[in-house]
Amino acid sequence: MGVQAILSIQQAFSVIGTLMLTAYLFPKQANVVDYEEFDYIVVGAGSAGSVIADRLSEWPNNRVLVIEAGGDPPVESLIPGLLPFLPQTKYDWNFTSENDNYSSQSHTIKALNLTCGHMLGGGSSINYMMYVRGCAGDYDSWAQTVQDETWSYRSILPYFLKSEKLKDPEILSSPAKLLHGTNGFLGVTRENRQETFKYLDAFKEAGHNIVFDVNGRNSIGYTLPLYTIADGIRQTTAYVNLGASKDRKNLHVLKNTLVTEILFDKNRNAIGVKAISADNRVLTILAKKEVIVSAGALNTPKLLMLSGIGPKEHLQSMNINVRSDLPVGLNLQDHVVVIIAFKTERTNAPAEPANPNQFPIPLVVGYATVNKSSPCAEYQVFNFVTPSNSAAIYQLCVFNLGYEESLCQKLLEAGIGRNMLVGMLNLLHPKSRGRVTLRSKDPLDPPVVNLGTMSDVRDLNNMAAYLQDYAKVNNTSYFKSVNAELVDLQIARCAGLPLGSREYWRCNALYMTSTMFHYAGTCAMGTVVDTRLRVRNVKRLRVADASVMPTLPSGNTNVPTIMIAEKAADMIKEDHTHNNGGSYFSSKFSSWLFI
Ligand SMILES: Cc1cc2nc3c(=O)[nH]c(=O)nc-3n(C[C@H](O)[C@H](O)[C@H](O)COP(=O)(O)OP(=O)(O)OC[C@H]3O[C@@H](n4cnc5c(N)ncnc54)[C@H](O)[C@@H]3O)c2cc1C
């Protein structure tokens, strides 16, 4: 399917969108007047913000307002198989990274499309729905970095369990069930698709563990993924949090409204926000207790900087009064990804019609190490099991990842009469750091995003080593039995390098680097916020979203962000317990279970 066809389908969906078929699932638009006061204002109803607003409004005395720049998610967001059609629409912020004239030069724009959800549910409404928590060591290292034991794996595990409603009968009838929740809001299921089994065997033969449950005790190995899908519906936080709580009288959701500034009194207390409403009114809205910013790792630093919180030099260069000189926007991290494909069986058998209630392509996910003493996976690889003559991978390549058409054409041609295994391999612990800065003082301008991709040469060397390690699967019995072939994507700048050599992979890694859309770390705990997620040097202001991660976890970031939101909501409730007359017990209950 070419780009034009994708755009036509998106156009058809946008027409269907005008019928507002999904509106009944989500809260109604709040009616907010200028200078209205709430107890809490949450900025951004994404993966984190929706959870926080939901949890804070569990206490009927709390009047909670969540303000979201986008509107209700469309049908394409709720039906898992339609996910490829969401990017580059009004449901995406459509940010791009800066061209560094170094990495990602095999992309049409010589930079990356930084897809971000622009609707209720944020990233959870547009993402690839992998349910992955990462490795225990990730959180123990956070706890060590910020010197606070409450962020160790043992301490945060109850928050993962609190949100989860696992529905997988195999895990639930195994000892692994002890590490899963069944009473949360977030439905989680596993797809057992037969097409994937032979590949699991091949990875086993190549020396990898096969892991029943990577969210259990062993997070290194190949596995069948768990998805945030239940009963065929994407479990966006818009649906499972805001939707489920939409009739609460104390929960107010203001949609299609952009927060442009956080307001402070002379004592540095955050007292509210300024926002532009759907009908272009400038609103001042007040918060009696706290403002919580959950606008995501690209928009949260932007809003803080527009409000005078950020690096002094940068704010001064923008003529913004400095309220607090903090390293906002620095420490940007992302999981960078490279495509590696194999042609497998020769066949022209037509593919089974896709089930729209499943992930669009059968998948095996690997978490692997080259350094065998590493306690956490060093790389993650999504293995798409692609039927012959399929356009799905071409669409992913050219549209979702933004590679040059000629490169994607090679993938398409490779799949003519051949099944394929297409890996998206990502570096789980990048050393490179990027930065988010302001383009101008205008809140409508997108932020400047310098990803810093591969700026630390260790990332390039590691990526090459991981690609080479992964490619060993080509020597296994199944791959040999079908005369599998590595697909050379023939990147011009890598011409002449021996196919599969370390230098070949190093070159591919540099020019083909794309994103897994896991932006994080721009308001990191320990530097911008303290371990209770309070912004330093000001009061009554917290950040709670992927921005606060000091480093990336060894997996995807949606569920870790939801964990952060659960913990943030508990901390806020704790800090305001006396004022609310509420119960401290609810917040402590889950952790007692693990003592
Ligand atoms: C294409 C894609 C695929 C991904 N795949 C996976 C996956 O398979 N598994 C996984 O675990 N993770 C995945 N992720 C990552 C994961 O979804 C994100 O890390 C997570 O959603 C981040 O949550 P957040 O709360 O920090 O930000 P977001 O969820 O982005 O929420 C921020 C919200 O704030 C709103 N907002 C921003 N600025 C303002 C403002 N000024 N005023 C009002 N509202 C504002 C935004 O519209 C948005 O709704 C993927 C992400 C993308 C984009």
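In this text the structure is predicted, and so the values were computed from the model without any measurement. (Residues numbered from 1 in each chain as written. Predicted model: local features only at pLDDT ≥ 70, side-chain atom pairs only at ≥ 80, totals over all residues. Heavy atoms only, no water.)

Lining the immediate surroundings of the ligand are 37 residues, of which S47, E68, G123, T557 and N558 lie closest. Taking E68, its side chain carries an N or O atom lying 2.6 Å from an oxygen atom of the ligand. Taking W93, its side chain carries an N or O atom lying 3.0 Å from an oxygen atom of the ligand. Starting from 1,000 Å² of accessible surface for the ligand in isolation, the protein chains cover 96%. Going through the elements one at a time, α2 (47–56), β12 (258–264), α9 (296–306) and α16 (558–575) are the ones with two or more residues in the shell around the ligand. (Near = heavy atom within 4 Å. Polar contact = N/O pair within 3.5 Å; in protein donor to acceptor, adjacent residues only side chain to side chain. Areas by Shrake-Rupley, 256 points an atom, 1.4 Å probe, with all protein chains shown as cover. Helix = DSSP H or I, 4+ residues; strand = E, 2+ residues; numbered from the N terminus.)

In this structure, Y35 takes a positive phi of about 70° despite not being glycine. When you line up the elements, Y35 lands in the loop between α1 (3–17) and β1 (37–43). In the Ramachandran plot, N101 falls in the positive-phi region, its phi being about 55° despite a non-glycine side chain. Position of N101 relative to the elements: it lies in the loop between β3 (95–96) and β4 (113–114).

A word on the UniProt feature "binding site: FAD" (unreviewed entry) in the protein. Residues annotated by UniProt as "binding site: FAD" (unreviewed entry) correspond here to V259. Tracing the sequence through the fold places V259 in strand β12. Setting aside its immediate chain neighbours within four residues, V259 contacts V43, I67, V273, K274, A275 and L303. (UniProt positions renumbered as here; feature names shortened; annotations may be inferred. Contact = heavy atoms within 4.5 Å.)

A separate point is the pairing of strand β2 (residues 64–67). On a regular strand, each side chain points to the face opposite its neighbour's, so the side chains alternate between the two faces of the sheet. Judged by which residues are buried, β2 turns out to be covered on both faces: V64 and V66 on one side and L65 and I67 on the other are all buried. Where β1 and β2 come together, 4 bridges link them in parallel fashion. Considered in β2, the bridge of V43 is made with I67. Chirality of the crossover, the property in question, places the unit of β1, α2 and β2 among those that are right-handed. (Buried < 20%, exposed > 50% of the residue type's maximum accessible area, 1.4 Å probe, protein only. Pairing = 2+ DSSP bridges. Right-handed = clockwise from strand over helix to strand, strands pointing away.)

Let us look at the state of the cysteines. Enumeration over the complete set of coordinates arrives at 3 disulfides. Each sulfur in the disulfide pair C397 and C408 lies 2.1 Å from the other. Around the S-S axis, the bridge from C397 to C408 shows a dihedral of about -80° and counts as left-handed. Here C397 is found in helix α11 (residues 392–400), whereas its partner C408 is found in helix α12 (residues 405–414), with 11 residues between them in sequence. In the protein, numbering the disulfide-bonded cysteines from first to last in sequence yields the connectivity 1-2, 3-4, 5-6. Free cysteine C116: the closest other cysteine sulfur is in C523, separated by 14 Å. Exposure remark for C523: the relative accessible area of 0% places this residue in the buried category. (Disulfide = S-S within 2.5 Å.)

Quick look at the nonpolar core now. Counting residues in hydrophobic clusters, the biggest one holds 190 residues, and the most contacted among them are W151, I285, F384, Y470, L533 and L541. The dominant element in this core, judged by the number of residues it contributes, is α16, at 8 residues. Those residues in contact with F384, other than ones at most four positions away along the chain, are F359, I361, P362, L363, I393, L396, M420, L421, V422 and M424. (Core = buried A, V, L, I, M, F, W, Y, C linked by side-chain atoms within 4.5 Å.)

Another point: the packing of helix α4 (residues 136–146) against helix α5 (residues 153–163). For the pair α4 and α5, the least separation of the axes is 9 Å and the interaxial angle reads 120°. Taken as axis vectors, α4 and α5 run oblique relative to one another. Facing α4, whose interface residues are A136, Y139 and D140, α5 presents Y153, I156 and F160. Taken together, the residues of the contact of α4 with α5 sort by class into 5 nonpolar, no polar and 1 charged. (Axes fitted to C-alpha atoms, helices over the stretch in contact; angles between N-to-C directions. Parallel < 35°, antiparallel > 145°, perpendicular 65-115°, else oblique. Nonpolar A, V, L, I, M, F, W, Y, C, P; charged D, E, K, R; others polar.)

A word on the pairing of β12. With 6 of 7 residues buried, β12 is to be regarded as a mostly interior element. With antiparallel pairing between neighbouring strands as the criterion, β12 and strand β13 (residues 270–276) make up a hairpin whose turn holds 5 residues, including R268 at a positive phi of roughly 70°.

Note that an α-helix has 3.6 residues per turn; residues three or four places apart therefore point the same way. Burial runs high along α2: 10 of the 10 residues are buried. Taken as a whole, α2 has its buried residues at S47, A48, G49, S50, V51, I52, A53, D54, R55 and L56.

Two numbers describe how helix α13 (residues 457–470) lies on helix α15 (residues 502–512): the axes approach to 8 Å, and their chain directions differ by 120°. In terms of their interaxial angle, α13 and α15 are classed as oblique. Crossing handedness for the pair α13 and α15: right-handed. Contacts between α13 and α15 pair V457, L460, N461, M463, A464, A465, L467 and Q468 from the former with R502, W505, R506, A509 and L510 from the latter. (Left-handed = near helix turned anticlockwise from the far one by under 90°.)

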